[in-house]
Structures are given as C-alpha cells and as structure tokens.
Amino acid sequence: MSADRIILRRPDDWHVHVRDGDMMKVVLPYTAAQFGRGIIMPNLKPPVATAADARAYRDRILAALPAGMSFTPLMTAYLTDGTDPHDLAQGFRDGVFTAAKLYPANATTNSAHGVTDIARIEPVLERMAEIGMPILIHGEVTDPAIDIFDREAVFLDRVLAPLLERHKTLRVVLEHCTTADSVAFVRAHAASGRIGATITAHHLLINRSDIFAGGIRPHLYCLPIAKREAHREALVEAATSGEGPFFLGTDTAPHALTAKESACGCAGCFTAATALELYAEAFDKAGAIDRLEAFASLNGPRFYGLPPSEERVALDRTPTKAPDLVLLPDGDGILPFRSGETLNWRFVGVV
Ligand code: DOR
Ligand code: ZN
C-alpha cells in the first residue's frame, strides 16, 4: 500500500518561463506557490542579455510576487553572438546570474537573437568553464534538413559531445531532454559531475501520438517536441532512478490561447498551475513516488551547489480538477496542461 500523503522538501523549478508584464502577474503566483526557487528563462523580447537586464528583470519579478509568497528567482543570461564575457563573469560574481542559457538561433520561441554558431562564443565558454558558471542548453540543431523528431539526438553528436570535449571543466545542463539518447548521453558523462539534465512533467506524460489524438492538439505542442513512447519511458526511468544528474525543470511556457490555437501556433505547455501534481502522477504510475523528492528537491540544488530547502510541502492522493482557462486581463486566456481533467494528486502547500 502506498501512502496517501507525501511530504517532501520544498522543490525548486530549474527551468521556468515566468514571462513579463500582465502575463507574469497571472502565471508567477502558480510557480511561487509550489517552488522555492526557479531558474528564470531569459527569452523575453528583447532578451535578458546583460547583467543590467537581469537585475531589472529580477526586480520586476519580485515586484510581481504577491505579498506573503516566498520565491527566489535565479537569473540567467541569454547568450548571443555578441555576449561580453566580462559582463557575464561580473554578473555571475555579483550573484546576479546563476547560469547562462544557450539557444541555438531560431531553435524555439524568442530565440532569434540566439547563437548562430557555437564557435562564435568560444571566449565566453572558456570564461564560463574557468569560473564554474553553468551553461543551460536548448539541445536541438536548427538544420532544416534534420527531421524535427531527430534534432535533439543530432545535437548530442554534432554540438554537445564536441563541446564537452573542448571544455573539460564546463558545467552543462541539457534542458528539457526528451529522448532515450539524451538519457544515455547524460549517464555516459555523469561520472564527471559536470552534467545535469532537466525533465519536464509533460514529457513524462505524453508521447508524440498524443499531439495528434483525434485531431491536432496545439496545447501539447512544445519544443523539443514530444517523441515516441519508448523515449517517454526512458525519461520516466531516468527521472525516477534517483540518479543525481536528473532533476525537475517544468519548462512551463505560457502562451495566450489565441497564439496557441492559430494557423501557426506557438510552442509551449503551461504546466505551472498543477506542476507537482503532474510529476506526482508520473512518479506514482511508475511505482516510484518515494523517489520524487530526490528528483524535485535534492538533485538540482546539489548540481547548482545550493542547499536544499528547509521547508516541506505536502501532496495528497485526492482527485483534483486541473483549472480551466486562466484569464488574462486583456480578455484572452491561457489553457493549462490537462485543463478541466481530474488529476490524482492535490498539492496541499507548505506544511
Ligand atoms: O515549447 C517551448 N516553449 N520550448 C522552448 O524552448 C521555449 C518555450 C517558450 O518560451 O515558449
Ligand atoms: Zn524553456
């Protein structure tokens, strides 16, 4: 018999899009209700590229946090071809930046200013390796000749393996990994202690067929796109293994309903409204609810050299309805992942 209540150290979200402005005011409280810290993605328009940008964005996040909520935003720099290694290193030293994010140019939402060729940022990478600043990687090639379902696996061979070879001390997180290939790659480099990988809740729960179940389902479209079932199973196995390199990163990526349900819909799943419930469901289905704490609350802090939370949160095995449309002030809305469906777990709160 498995427990009906689980208590774990308060988790952190090591990959979150809280956006800005009105959208941020609406989505941030969901993340801050569950997670103590969040690695804040910098793909705003324009991107959060300098230490000054990150300070200003951090201030806006803290100002948008409802009174009484505790949440620490950990800021990242959006790497571009023109990133100044000194500004980056200074921002890291000053505690403004926790890490830097590599978007290959045009790989995903708001990545137009991303890096066009990793060779162009060699001095930046060298400096990051020297000072121990992690690089968080959107691991997909952008070569249009490569099938969208193969872009992550090809990235491992073409970009990530040579990168680790060239920079032997660079600390790397392969963000939102979606393939058995990535799981194997991370394990093959795990002994070095310098590689981590985040796994989203949605990639633990859906495969590529779900995107087309009964019709095209734009709210299940994200990047990297969900892969076939064998890959989902590999992700569940990795997440529930308890192994240090694998940790929680929701990649919750809200978009207005009208931008998702469109002739050219945006990539991103909004999971923040029920993030821990979704992870609990995936772990429970795998018979591994007892491993959720390592994945959600311990492995990430260890990778980043931060203490785990001293707070505790509880989840109950109680059917709960995921919220319907979350309204935006302009009359549009955001459709949460699994909106209106019944989930098996309920987030109780900090206990
Ligand atoms: O699905 C995604 N949405 N993947 C990303 O890499 C970016 C994100 C977004 O910002 O919307
Ligand atoms: Zn993301």
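Above: the structure in question.
The following refers to the structure shown. Here the structure is a predicted model, which is why all the values come from computation and not from measurement.

Focus on a negative patch on the surface
Taken together, the side chains of Asp147, Asp150, Asp157 and Asp181 make up a negatively charged region of the molecular surface. With respect to the helices and strands, Asp157 occurs in helix α5 (residues 151-166). Look at Asp157 and you get exposed, because its relative accessible area is 60%.

Side note on the sheet that holds strand β9 (residues 246-248)
Two pairing modes exist for strands in a sheet, parallel and antiparallel, and in both the strands are linked by backbone hydrogen bonds. Strand order in this open sheet of eight strands is β2-β3-β4-β5-β6-β7-β8-β9, and the pairing throughout is parallel. The open sheet terminates on both sides in strands that have one partner only, identified here as β2 (13-16) and β9. The mean inter-strand angle of the sheet, taken between neighbouring strand axes irrespective of direction, is 30°.

Things to note about the coordination of the zinc ion (ligand 2)
Protein-derived coordination of the zinc ion (ligand 2) comes from His15 (NE2), His17 (NE2) and Asp251 (OD), at a distance range of 2.0 to 2.1 Å. All donors of the zinc ion (ligand 2) belong to a single chain; written as a sequence motif, their spacing is H-x1-H-x233-D. Placement of the pair is His17 in the loop between β2 and α1 (21-34) and Asp251 in the loop between β9 and α9 (257-260), with a sequence separation of 234 residues. Residue Asp251 is classed as buried on the basis of its relative accessible area, which comes to 6%.

Considering unusual backbone geometry
Cis geometry marks the peptide bond from Lys45 to Pro46, where omega comes out at 0°. Its place among the elements puts Pro46 in the loop between β3 (37-40) and α2 (51-64). Note the cis peptide between Leu223 and Pro224, where omega equals -5°. With respect to the helices and strands, the residue Pro224 is situated in the loop between α7 (201-205) and α8 (229-239).

Focus on the packing of aromatic side chains
Applying the stated criterion across every chain yields a total of nine aromatic pairs. For the ring pair Tyr78 and Tyr103, a centre distance of 5.3 Å and an interplane angle of 40° mean the geometry is tilted. Highlighted residues: Tyr78 in strand β4 (residues 72-78) and Tyr103 in the loop between β5 (97-102) and α4 (122-131), separated in sequence by 25 residues. A single burial state applies to Tyr78 and to Tyr103, both of which are buried. Seen in terms of ring centroids, Phe303 and Tyr304 are 5.4 Å apart; in terms of plane orientation they differ by 80°. Their pairing is edge-to-face.

A word on the pairing of strand β8 (residues 195-199)
Most of β8 sits inside the fold, with five of its five residues counted as buried. Burial along β8 is two-sided: Ile195, Ala197 and Ile199 facing one way and Gly196 and Thr198 facing the other are all buried. In this structure, β8 lies alongside β9, joined through three bridges in parallel fashion. Bridge pairing in β9 links Ile199 to Leu248.

Overview of the sheet that holds strand β10 (residues 312-316)
Within the open sheet, the three strands sit side by side as β1-β10-β15. Their pairing is antiparallel. Edge positions in the sheet fall to β1 (5-9) and β15 (346-350), since each of these pairs with one other strand and no more. Taking the axes of each pair of neighbouring strands and ignoring which way they run, one obtains an average angle of 25° across the sheet. Here β10 runs beside β15; their pairing, made up of four bridges, is antiparallel. Residue pairing for β15: Val313 is matched across the bridge by Val350. Contacts from helix α11 (residues 292-304) reach β1 and β10 within the one sheet, and its direction differs from that of β1 by about 25°.

Quick notes on the rules
Residues numbered from 1 in each chain as written. Chains lettered and ligands numbered in written order. Predicted model: local features only at pLDDT ≥ 70, side-chain atom pairs only at ≥ 80, totals over all residues. Heavy atoms only, no water. Patch = residues over 30% accessible without salt bridge, like charges linked within 9 Å, V, L, I, M, F, W, Y side chains within 5 Å. Areas by Shrake-Rupley, 256 points an atom, 1.4 Å probe, with all protein chains shown as cover. Salt bridge = Lys/Arg side-chain N within 4 Å of Asp/Glu carboxyl O. Lys, Arg positive; Asp, Glu negative; His and termini not counted. Charge placed at Lys NZ, Arg CZ, Asp CG, Glu CD. Helix = DSSP H or I, 4+ residues; strand = E, 2+ residues; numbered from the N terminus. Buried < 20%, exposed > 50% of the residue type's maximum accessible area, 1.4 Å probe, protein only. Pairing = 2+ DSSP bridges. Axes fitted to C-alpha atoms, helices over the stretch in contact; angles between N-to-C directions. Donors = N, O, S within 2.8 Å, 3.2 Å for Na, K, Ca; no water. Phe/Tyr/Trp six-rings, centres within 6.5 Å; stacked < 30°, edge-to-face > 60°. Contact = heavy atoms within 4.5 Å.

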